[in-house]
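Here are the chains, one letter per residue:
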There are 2 protein chains.
Amino acid sequence: MKIRTELIHFSEALQLECGETLDSFDLMIESYGELNESKSNAILVCHAFSGNHHVAGENKELGIGWWDQIVGPKKAIDTDKYYVVCCNNLGGCAGSSGPTSINKKTGKVFGKDFPQVSVSDWVNSQKILMDKLEISSWHFVVGGSLGGMQALQWSIAYPNHIKKAGIFAAAAKSSTQNIAMNEVARESIRKDKNFYDGDYYDKNVTPKSGLKTARMLGHITYLSEELMDSRFGRKFQDEDSKVDEDVNFEVENYLQYKGSKFSELFDANTYILMTKAMDEYDAGNSKGLDQALRNIKSELLIIGFYSDWLYPYQRGKEIQIAAMNNNIKSSFLVFNGENGHDSFLFSSKEYSNAIEKFIES
Amino acid sequence: MKIRTELIHFSEALQLECGETLDSFDLMIESYGELNESKSNAILVCHAFSGNHHVAGENKELGIGWWDQIVGPKKAIDTDKYYVVCCNNLGGCAGSSGPTSINKKTGKVFGKDFPQVSVSDWVNSQKILMDKLEISSWHFVVGGSLGGMQALQWSIAYPNHIKKAGIFAAAAKSSTQNIAMNEVARESIRKDKNFYDGDYYDKNVTPKSGLKTARMLGHITYLSEELMDSRFGRKFQDEDSKVDEDVNFEVENYLQYKGSKFSELFDANTYILMTKAMDEYDAGNSKGLDQALRNIKSELLIIGFYSDWLYPYQRGKEIQIAAMNNNIKSSFLVFNGENGHDSFLFSSKEYSNAIEKFIES
């Protein structure tokens, strides 16, 4: 599989939903496979909140791509047939313009002053990328979780530039509980003594412990209760392999380990910014979802998972109902998925088959 | 209603489950109503993790008691008929011996060196209290959440000293997810810069921000998703009444407010200790629940709530099944309860009626 990773600079201004403007911006993109002559085989993959542009294959820095089970040669999204593109979203910390980038106006790192981007802003920046790639229509725009919100927004915002959309483990808006959980995570970051109100970059420290706590909480919401129970139960951690002397149970040790690892890699301002974008997205806005979906021309594949309690499958059903009310061609499937919200990341025979058949249909 | 609040000193040693011994200890108790001549009308109420001895009525310091809707004259637990006692549990921070008490051996505050107490230890200390009160059998031992675990443990540990037990919104053991959530809360406390590894008492600071984050998370688990949604939805907070400029949604503001308020009142070491006691309780232990319940003589009233996702009603069903397997007289009821896990705190016609009828039967 041919993998290209490149940083693309866009010198055009991007007007953001929050009212601010980015005078120019960079997008880190990765692509797989070859664009055909008629440019009709392009697929845009949108990443979830802590994801990045590295979808498939392996590289030294980022390891195996986050959707390697689904994207690749002869996989559900077949890179032998399709040209697949993913970009690190604006505000991210994997190469695209974000809090860790230099603000040309000040010559300093943006930090907390990077503007609050939104799902719509991401879709607009991806449209600019699309124009640069001289693609006039995506065959398929797809993502899970926050990525699914982008796929939905693509269908709404650019109905003439997208043929099919895949909205997996997602919702048309975050629930009150989603927002509440994200606020606890943000609070733990903001109150870290090394956060310095978001200006920690020139202090040679990062708010790792806040980020760690935030990720520990995140992990609980990504996994299902059943999976946690079957994997860890109430087993005690071996004394030898404890990451912290205060923990007794294996599940505590696992969360400590996962949280620590994440806190070494991810940027705290990006964490806050990405979760806020997720909280604030509401496809229906004041109009209601039926009205918002009215102009969609793309065909929708909506997938939920029974074990997902972060974005329960009923959220997918709401999108499906609004689609039906608008005579939009759509399919809604619910799979078992043993991995809770994270189920969208893992291949299963029926899940992969559904994606493949939908793309090919 | 006659309310007596008193601090009782016990000069006998209490051997704890963790292997340590408390040479002496204090229990802060509150009681309501009058003990009858035959001492057959005594009810022990056990509090949940952040509760205290102040169950009913109002006082200046602690406000309205946490179970005032259920306990009082002509209420479900009728203080005109019954003598009701509650003690602040060992390890607490409302008067009983705990991390904030003076360790007589060192002359300093116990802090993090207060021994790890357990549900069994609490029940054993309540048995010593019972002996002091010269009561030979409780007519009823009852509690919700961690209080329900104590009621269950009373039935197991002292079958000849309890006639009836009320186990509400509780479980025979915490789930993996319960433990995981508590670990995130503890992590946020331990990593507060003012925690000083539990030795913050002589530093004129308390780890308020960690405690606040912990409580914010707790609150999400106490409420149901439906309640949060109907109460707050995706409404924005008025600019004028924001407790923090970083919050936008009402639900964020609510959690910030609740968390802050709690962090002013509660002790961080107690938070850690109480959640650990909750995590580590397992009525069945290695034997399994059927075997553990074998010698129970009391009649059980087990109540769960559909909207409780912290201790879902299925956990109550597990106790009921084990009780049935042992021919223990028991009733298992599930009520709607709109308040999630907190539903056990609120009176409703059917809930109150069930408690009253069970006590009287």
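Residues numbered from 1 in each chain as written. Chains lettered and ligands numbered in written order. Predicted model: local features only at pLDDT ≥ 70, side-chain atom pairs only at ≥ 80, totals over all residues. Heavy atoms only, no water.

## A look at the domain arrangement of chain A
Residues and elements named next belong to chain A. Per the domain assignment, the segments making up chain A are domain 1 (3-173 + 282-360) and domain 2 (178-276). Here the C-alpha centre of domain 2 lies 25 Å away from the C-alpha centre of domain 1. The partner domain 2 presents 23 residues to the 27 residues of domain 1 that form the contact. Carbon and sulfur atoms supply 64% of the area buried between domain 1 and domain 2, which totals about 2200 Å² over both sides. When residues of domain 1 are sorted by the area they lose upon contact with domain 2, Phe 49, Lys 112 and Trp 309 head the list and together hold 31% of the total. Counting across the domain 1 and domain 2 interface gives one salt bridge. At the junction of domain 1 and domain 2, the tally comes to eight residue pairs in polar contact (both at pLDDT 80 or more). Grouping the amino acids of the side of domain 1 that touches domain 2 by side-chain chemistry returns 13 nonpolar, 11 polar and three charged. (Domains from an automatic or database assignment. Contact = heavy atoms within 4.5 Å. Buried area = accessible area lost by both parts, 1.4 Å probe. Salt bridge = Lys/Arg side-chain N within 4 Å of Asp/Glu carboxyl O. Polar contact = N/O pair within 3.5 Å; in protein donor to acceptor, adjacent residues only side chain to side chain. Nonpolar A, V, L, I, M, F, W, Y, C, P; charged D, E, K, R; others polar.)

## Considering the pattern of salt bridges
Inspection of every chain in the model, using the stated rule, returns 44 salt bridges over all chains. Between Lys39(A) and Glu134(A) there is a salt bridge, with the nearest N and O atoms lying 3.4 Å from each other. Placement of the pair is Lys39(A) in the loop between strand 4 (25-32) and strand 5 (42-46) and Glu134(A) in the loop between helix 1 (119-132) and strand 13 (140-144), with a sequence separation of 95 residues. We classify Lys39(A) as partly exposed; its relative accessible area is 27%. Owing to a relative accessible area of 56%, Glu134(A) belongs among the exposed residues under this scheme. Overlapping salt bridges bring together Glu183(A), Arg186(A), Glu187(A), Arg190(A), Lys191(A), Asp279(A), Lys212(B), Asp246(B) and Glu252(B) as one network. (Helix = DSSP H or I, 4+ residues; strand = E, 2+ residues; numbered from the N terminus. Buried < 20%, exposed > 50% of the residue type's maximum accessible area, 1.4 Å probe, protein only.)

## Focus on the interface of chain A and chain B
Much of the literature gives interface size as the accessible area that the parts lose upon coming together. Each partner contributes to the interface: chain A provides 43 residues, whereas chain B provides 43 residues. With both sides pooled, the region where chain A packs onto chain B buries about 3900 Å², and carbon together with sulfur makes up 57% of that total. Of all residues in chain A, Thr176(A), Gln177(A) and Arg234(A) bury the most surface against chain B, accounting for 18% of the area lost on that side. At the junction of chain A with chain B, the criterion picks out eight salt bridges. Linking chain A to chain B there are 26 residue pairs in polar contact (both at pLDDT 80 or more). Of the residues forming the side of chain A that touches chain B, the biggest block, 11 residues, is contributed by helix 3 (residues 176-190) of chain A. Classifying every residue of the side of chain A that touches chain B by side-chain character gives 15 nonpolar, 10 polar and 18 charged.

## Some words on the side chain of Ser96(A)
All names here are of chain A. Mapped onto the elements of the fold, Ser 96 is located in the loop between strand 10 (83-87) and strand 11 (102-103). What makes Ser 96 buried here is its relative accessible area of 2%. Within polar-contact distance, the side chain of Ser 96 engages the backbone nitrogen of Met 28 at 2.8 Å. Residues contacting Ser 96, with those up to four places away along its chain left out, are Asp 26, Leu 27, Met 28, Asn 88, Asn 89 and Ser 101.

## Notes on the sheet that holds strand 14 (residues 164-168) of chain A
Residues and elements named next belong to chain A. Pairing is mixed across the open sheet formed by eight strands, whose spatial order is 1-4-10-5-13-14-15-16. The outermost strands of the open sheet, each flanked by one partner alone, are strand 1 (3-10) and strand 16 (330-335). Adjacent strand axes in the sheet meet at a mean angle of 20°, parallel and antiparallel pairs treated alike. Strand direction decides the pairing type here: strand 5 and strand 13, joined by four bridges, are parallel. Paired with Leu 44 across the two strands is Val 141, which belongs to strand 13. Of the strands in this sheet, strand 14, strand 15 (299-305) and strand 16 touch helix 9 (residues 313-325), which is tilted by about 165° from strand 16. Taken strand by strand, helix 10 (residues 349-360) contacts strand 5, strand 13, strand 14, strand 15 and strand 16, and its axis lies near 175° from that of strand 15. (Pairing = 2+ DSSP bridges. Axes fitted to C-alpha atoms, helices over the stretch in contact; angles between N-to-C directions.)

## Side note on the sheet that holds strand 4 (residues 25-32) of chain B
The strands making up a sheet are joined through hydrogen bonds of the backbone, oriented either antiparallel or parallel. Residue and element names in this part refer to chain B. The strand order 1-4-10-5-13-14-15-16 describes an open sheet built from eight strands, whose pairing is mixed. The open sheet has two free edges, formed respectively by strand 1 (3-10) and strand 16 (330-335), since each of these has just one partner strand. The sheet shows a mean angle of 20° between the axes of neighbouring strands, taken without regard to direction. Pairing geometry for strand 5 (residues 42-46) and strand 10 (residues 83-87), over four bridges, is parallel. Following the sheet pairing, Leu 44 is matched in strand 10 by Val 85. The sheet contacts of helix 1 (residues 119-132) involve strand 1, strand 4, strand 5 and strand 10, and relative to strand 1 the element is tilted by about 110°. Strands in contact with helix 10 (residues 349-360) are strand 5, strand 13 (140-144), strand 14 (164-168), strand 15 (299-305) and strand 16; relative to strand 15, the strand with the most contacts, it is inclined by about 175°.

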